[in-house]
Amino acid sequence: MKLNWKRFSIAAAIGATLLLATAVVFSQGPQGPQGPPRERGGFRHGPGGPGGPDGPRGPGGPFADLNLTEDQKAQIQKINESYRESERALHDQMRALHESQGDPGSGEFNEAAVRSAAEARAKIQVELEVSQARKMSEVRNVLTADQRAKLAERHQHMRRMGPPPPPPPPQAPGEPDQLW
């Protein structure tokens, strides 16, 4: 049987074109929405998580699904602005303490200095939490009873999610490393 090179080259060209077109189509990936939106509650900063696009701090902020009126939005913005400078000052103090502590691996260990810096950071953290709670209390006063109930329900849902899982426990000395 004699090989017809003209037909073979045409068939090879068509096959290569189809293969290339298939590769291009599959490299595009899915387009548009892919099913229903996720329920709230994913990993942090991921879809559905507290810092993610579908989470309570996603588009519209933590009150996006409460159907706030324009007046409520303006009042909440005013409350946030009234706390912004004092909270910024506390964050700046915290940052300065972190930067001034230096590298714990360099030099000798000074327990008094570490303890003092930790206590100073703890005091600032307390002030930040009190400020946040005070601000949230003022915001709740702006909301209707239904909006407060919805916010409380979401808060309970977030508490049920719980903190992220702990890291794996440290290995005992002499125990072989697990590679799987």
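For the structure, see preceding data.
The structure contained in this document is the topic of the report that follows. (Residues numbered from 1 in each chain as written. Predicted model: local features only at pLDDT ≥ 70, side-chain atom pairs only at ≥ 80, totals over all residues. Heavy atoms only, no water.)

This brings us to the pattern of salt bridges. Scanning the model with the defined rule gives five salt bridges in all. Glu87 is the salt-bridge partner of Lys135, the closest N and O atoms lying 3.3 Å from each other. Pair noted here: Lys135 is in helix H3 (residues 111-142) and Glu87 is in helix H2 (residues 70-101), with a separation of 48 residues, a long-range link. Relative accessible area serves as the criterion here: at 13%, Lys135 is assigned to the buried category. (Salt bridge = Lys/Arg side-chain N within 4 Å of Asp/Glu carboxyl O. Helix = DSSP H or I, 4+ residues; strand = E, 2+ residues; numbered from the N terminus. Buried < 20%, exposed > 50% of the residue type's maximum accessible area, 1.4 Å probe, protein only.)

Next up on the list: a nonpolar patch on the surface. On the surface, Ile10, Ile14 and Leu18 cluster together into a nonpolar patch covering about 300 Å² of accessible area. Residue position: Ile14 is located in helix H1 (residues 5-28). (Patch = residues over 30% accessible without salt bridge, like charges linked within 9 Å, V, L, I, M, F, W, Y side chains within 5 Å. Areas by Shrake-Rupley, 256 points an atom, 1.4 Å probe, with all protein chains shown as cover.)

Looking now at unusual backbone geometry. The backbone phi angle of Asn67 is positive, close to 55°, even though this residue is not glycine. Note on placement: Asn67 falls in the loop between H1 and H2. Judged by its relative accessible area of 65%, Asn67 is exposed.

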